[in-house]
Every structure is written in structure tokens, then in C-alpha cells.
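# Structural overview
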Amino acid sequence: MYEILSQIKSPDDLKTLSRDQLKQVARELRQAIVDHLSQTGGHFASDLGAVELILALHTVYSVPKDKIIWDTGHQCYAHKMLTGRLERFSTLRQYGGISGFLRREESEYDLFGAGHAGTSISAAYGFAVARDFAGKSNEEHVLAVIGDAAMTAGLALEGLHNAGHSGRNFVVVLNDNEMSIAESVGALAKYLAKLRVTPLYQSLESRTRGLLKRIDKTPGQVVFRAAGSVLKHNLTHLVSTENSGVLFEQLGYQYIGPVDGHDLDLLIDLFTAIKSIKGPVFVHLLTVKGKGYEKAEEDARKWHAVTPPMFKETAEGTAASSKSSGQSWTSYFSKTILELAAEDPKIVAITAAMPDGTGLTPFSKQFPDRYFDTAIAEQHAVCFAAGLAAEGMKPITAIYSTFLQRAYDMILHDVAIQNLPVLFCLDRAGLVGDDGPTHHGVFDIAYMRPIPNMALLAPKDGPELVQMLRYMVQEHVVGPHAGPIAVRYPRGNAPSVEWPVESAPIEYGKSEVLLDGGDIALFAYGNMVVPAFEAAKTLRAEGIDAALINLRWAKPLDAETILTYAKKTRCMLVMEEGVVHGGVGSAILELLAEAGVTDVRVKLFGVPDKFIEHGAIPILHQLCMLTAHDFAAAARDLLGKPQPEPVAVAREARHESLTA
Ligand SMILES: Cc1ncc(C[n+]2csc(CCOP(=O)(O)OP(=O)(O)O)c2C)c(N)n1
Ligand SMILES: CC(=O)[C@@H](O)[C@H](O)COP(=O)(O)O
Ligand SMILES: [Mg+2]
């Protein structure tokens, strides 16, 4: 099917191929990406756009001896296919299958793990310094490959700054497709765009080609070395003119570009020549996100990541919707803040390069002046929100739980110490599924909880998220408890459940008793209320009088209700979709200890002290024992009731796989 590609078992095999054969490999890589992703889903447009770049790098360099460090890692599929993983591609992002990002444990060719943006330059610089300590500075090449949007991350700029002055042999390759997931924004994006349209680009590229052509015609080691110096002189001289890459030059790099990142011949010649250049080099490539797949080229934003239905045509001839039926948590957020903002001009919304994912795109259209995309700059986003809050604005700071980790010091130092009423809306809180350990939003409860002044909420369903958002904006940040507050909600669709009681208004630090009972109390946080409700119903059907409390608040805890049920039942379960260490369950144990309520049997459910793999969320819930079956089984254990046998066997097996 993939005539040449299927024969390539390692990048060494590329080195024997002719240019025409390599171009055939590029076509086959694209086809393989389309074929596989139409079955598995995954990151699409970025991968199509990086095919020639990856192919050229693996043709010219010898990984793992040479170190190529990929930023973010969502564009690495061609790299995986060329490094022995083509046959496993049908397992992409599935439980037990290959990861959608770089994983050191997956392959010797994945030299540095990734998933979050902006890490490549710092990490590659570490590799370069280690190489130099080993005395191999002239033998091994080190490259960081980074996208134009990842380059906007503070971390990337810190790395660029630090490495640029070093004088070490080190290459930064900028894959500039003018796109983040949405359009690239900010001053750097404008600067790079200027380089694209300048007439210099045309002349620059043709001069680069001419130069490389001459080098190509002069074979041999000695001449090649000489060619290196010719290149060094001419290319840097060439670009150090008005409107060129002067910014990167000033940071200490020899700037080369911008050049066509889809011209395989040019790329191979260019990287071959760059091997001879000493000192930090910055190569600026222009690529097209979605290259080779028409719809993705036309709408790279929509095709950044795909699901299989997107490849199927509907009767109307348009791509089938990627969304499943039901309303997502994100969409509850998205609609509610539109309503709230219409009522309150002090509301502004902030995203760090995730307008679609966080549901802020409608806000950006309806309130363009009150909408801020900081680019991939979570630290700046939070500190910026703090400034806004200090002047009386109400900044809705919508950041995925996992990406907010970047801004920890800003949450603490800029927001919380000053008790500023920043409203954190943490989407993708909990297990996110296919993206895996770099993206699971399972740490936020534990990392937010110790921060003084911080208040933490999580809804049981979509309507309760709406209530909480209204409370946050209309009551919390202006009321007696004004200060920072965060609400967390997971990826995917919100459940639709008929609850036994009508939802009570949100009150500061008050939980909601959904079922009263005297045998055991189930305390559930956020999306764990639904499986806890299922478990409670099962237990009650078995004659166990189970109480169910929707905690609503992880901080402050509803001490009164918790202690009442602890004393009443002396037997409790706590469930949350976050790490069990330091989470809500830990908070409840602390509360019991402080109150001297010690004769209580307690079982905590949460994500264990282990990084959880990628895979479908129901599988991961099983793995982490976050299902209604697990809760009911634990309740029986605590109460000394017998288990139905299949439950006991399945639990044992899962426990083994978790502790393995
Ligand atoms: C710290 C962090 N914030 C946000 C994201 C989400 N994210 C993943 S890819 C991406 C856009 C990357 O754009 P670019 O680096 O230009 O690569 P391209 O997809 O255009 O090839 C974003 C915002 C992330 N992975 N890490
Ligand atoms: C690579 C990356 O970090 C994002 O593209 C991420 O995969 C988006 O996740 P969602 O699909 O949950 O928005
Ligand atoms: Mg880009």
C-alpha cells in the first residue's frame, strides 16, 4: 500500500533513497496520515504540514545520535512512521497503543517527551550543553523544531534568549504556518508575517537556492567544509538587512530564511549545509498547515484535530459533524458567559490560544473588544487577569486545567496573595482521554487547594455549571468573600440526569444533599456525582441506606454537612476526578482529624499516584476505579457486606494493572 514507506524500518533506510524516491515517501506519508486518522482521529493539519520537514531532517541527520527535539509533539506522526511505528498506527491514541505525542519510553527516537507547547528550545539547549560536556560538539547535532505559535510561549522565548548567547552549535527550526490551533496572534505573529510578504523573501529564497545549487555541484568533504563557510557568510549577510530576521540575529542566532518548508530538495540541501555552520542557527521555514488535503488547507482551524466522522461526507456534501449528540460542558460555559457579559460590561474573557477549545469563539465575535487571546502564554494570561481584576474588571480566565499548571506562580503570587477576584474557568479538568498524561487535567484540585484565598467549585452537571458561573460573577467576586475563584469541568458532554431534589442556589461553602441516609455517606465532587448517584441507587436497592452529598466546593469545604454525615454514618466514600493525594478526599480527612472525628471508616477515590495513559475515558475510569461499580463495591466492603463475585475478580485485575 505504501510502497517505499512500508520498507522503511529506521531513518537510516532513507539515506539510501534517491530524491525522487524521497518525494514518493513524502506522498506516502501524507496518504498514511489521512488513511490512519480517518480511522483513529488525531492531530491532522499540523502533521500534514510537517511532512517534508520531518523527512528532510531524518534524511540529513542521524537520530538518535543527533538530537532532534520536537516542540509540543502533536506534529510528530511522520516522525513516528519513519522510526518504526507505521505498523502500529492503527492504535494511535488508543489505550495500549502508540501515543499522539513524543514519549521517551515509546521509542529511542523520541528523545524528549512533549505535549505542552514551548519546551523544545530549553530542552534542546540542555542536550547541546550535555553534548559539549561529553566533548562531542563537532560530532553530534542538536536541533529544536518549533511551531510559530509555540514560539510565543514564554518558555520558548526564555530558551531562545538563554541559548542564543551561548555560541554553542545548536539549531532552532521554526515551522511557521501562521497558525496556532486558531490563527496565530500577537506581535511575534505579525513580525513573522512581515517576513513572509516582504519582497526580500522572494529574492532571498532564490539566492539561497542558487547558493545551494553551487554547493551541490562541488562534491567532497573538503569542498563541503569550505561550502559551509561560504554559506555561513553569505546567508547571514543576506538576511541581516532591513525587514529580515534581525530579531533572531540580535538574539545571537545566524538567521536563515524564510524558505519554502515543502520543497524537499531545498530542505535537504539546506540542512546538509547547516551541519557545517558553527554556533546557534535559526532556520525559518514557511509551511502550510494541512498541506495536501484540500479541506484542511482551506480550514486548518477546523482540521487541527480530527475525528473519523469528519472524513465522511453527509448527504448535503459537507463534512459530517465531529461532535456527538448532547451538550458539552464547554458549550454550557460558552453560552452562559455570553449572557453574563451582555448584562455586565466589566466582564472580559481571556484565552491562551484556545478560543475554540474553551468555547470563547462566540464571545470573541460578540464582544471583540472584551476578548483577549494572549497566544500560548498562560503565565501572562493569569498575570494580565490579575491586573484587570485589580482595576475592578471581572476577568473570565478560561484555561485548560493542564495548561494552567504553567501559570502556578502567577496564580499564587499575582492573584492570590493580593486576593484579586480573578475568575478561573478550568475546562478539560479530569481525564481527557486520547491525549494522555500530558493533558489529563487531574492536578488542579491539589495544586489550587493549598493556595490561601482561593475558592474552588465543581458542578455535577451543565445546569449547575451555569448556576456556578452566575454565582461567581454576580455574587462571589463582589460579595463578602470576594477573591479568586475557580470552577472546574471536564472534557466532553455534560450528563443529563433527573436528580431526586431540585438544585438549590449556590451558596458560599455549601454542599447539596441529594440523598439522605444513615448507613454510609457518599461525598462526590463535580462529574463524580453522577456515578456516585448510580452507586447510591444500587446500594439503596440492596437495602443499604446510602446518603449522597454533592460537595460543590472543594474549598471552603462544607464542614458542617461533612461532619454531620461522618458522625451519623461513621462510614464514608469520597470521589473526585483528580489526583487522590492532596485532593478533596485529603481535605476531608484533614477536616475529620481537626474535628477529632476519628472513628470513621473512609475510602478515597481519585486518580492514583501514577501518570495515567491515553485511552478512551470509560477505560481510564475503569483503570482508576472511578465507576459506580467500584463505589458500590467499596461501600459493601466498608459495611462488611458480600460482593457479587464478578465484581471482586474485576477489581483485583484492575488493581494489579494500576500498581504494576
Ligand atoms: C502550554 C500549552 N498551551 C496550549 C497548548 C494547546 N496547543 C496545542 S498545539 C497548539 C498550537 C500550536 O501551534 P504551532 O506551534 O504553530 O504548531 P502548528 O500546529 O501550527 O504546527 C496549541 C495552542 C499546548 N499544547 N500547550
Ligand atoms: C496538541 C494540543 O495540546 C491540543 O491540540 C489538544 O490536543 C486539544 O485538546 P482538545 O481536543 O481537548 O481541545
Ligand atoms: Mg503554527
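Since the structure is predicted, the reported quantities are computational estimates derived from the model, not experimental observations.

## Some remarks on the sheet that holds strand β11 (residues 423-427)
- If you trace the seven strands from one edge of the open sheet to the other, you get β9-β8-β10-β11-β13-β12-β17, paired in mixed fashion. One side of each edge strand has no neighbouring strand; the edge strands of this open sheet are β9 (371-373) and β17 (553-555). The mean inter-strand angle of the sheet, taken between neighbouring strand axes irrespective of direction, is 20°.
- The pairing of strand β12 (residues 455-457) with strand β13 (residues 485-488) spans three bridges and is classified as parallel. The partner of Leu456 across the bridge, within β13, is Ala486.
- Where helix α20 (residues 462-474) meets the sheet, its contacts fall on β8 (347-351), β10 (394-400), β11, β12 and β13, and the angle it forms with β13 comes to roughly 170°.

## Here we look at the site of ligand 1
- Around ligand 1 sit 24 residues in total, of which Ser46, Ala117, Gly147, Ala149 and Ala150 are the nearest.
- Classifying every residue of the shell around ligand 1 gives ten nonpolar, ten polar and four charged.

## Focus: the confidence of the model for the protein
- Averaged over every residue, the pLDDT of the protein is 91; the share at 70 or more is 88%.
- In the model, residues 214-243 has pLDDT below 50 throughout and makes 36 contacts with residues more than four positions away in sequence or in other chains.
- Every residue in residues 315-323 is under pLDDT 50, and counting partners more than four places away or in other chains gives twelve contacts.
- The ipTM for the predicted assembly is 0.99, set against a pTM of 0.93.

## Describing the site of ligand 2
- For ligand 2, the full set of nearby residues is His43, Thr72, His74, Ile181, Ala305, Gly357, Arg428, Val432, Asp435 and Arg491.
- In terms of residue class, the shell around ligand 2 is built from three nonpolar, four polar and three charged.
- The residue makeup of the shell around ligand 2 includes at least three contributed by each of domain 1 (5-209 + 238-295) and domain 2 (329-488).

## Digging into the domain arrangement of the protein
- Parsing the protein into structural domains produces domain 1 (5-209 + 238-295), domain 2 (329-488) and domain 3 (512-639).
- Here the C-alpha centre of domain 3 lies 46 Å away from the C-alpha centre of domain 1.
- Among the residues making up the side of domain 1 that touches domain 3, the classes are represented as one nonpolar, three polar and one charged.

## What to know about the pairing of β10
- Counted residue by residue, β10 has seven buried out of seven residues, so it is predominantly covered.
- Side chains of β10 alternate between two faces, with Lys394, Ile396, Ala398 and Tyr400 and Pro395, Thr397 and Ile399 buried alike.
- Pairing of β8 with β10 involves five bridges; the strand directions are parallel. Within β10, the position partnered with Thr351 by the bridge is Ala398.

Cut-off values and rules
- Residues numbered from 1 in each chain as written.
- Chains lettered and ligands numbered in written order.
- Predicted model: local features only at pLDDT ≥ 70, side-chain atom pairs only at ≥ 80, totals over all residues.
- Pairing = 2+ DSSP bridges.
- Helix = DSSP H or I, 4+ residues; strand = E, 2+ residues; numbered from the N terminus.
- Axes fitted to C-alpha atoms, helices over the stretch in contact; angles between N-to-C directions.
- Contact = placed C-beta atoms within 7 Å.
- Near = placed C-beta within 6 Å.
- Nonpolar A, V, L, I, M, F, W, Y, C, P; charged D, E, K, R; others polar.
- pLDDT = per-residue confidence, 0-100.
- Domains from an automatic or database assignment.
- Buried ≥ 20, exposed ≤ 12 C-beta atoms within 10 Å, placed from the backbone.

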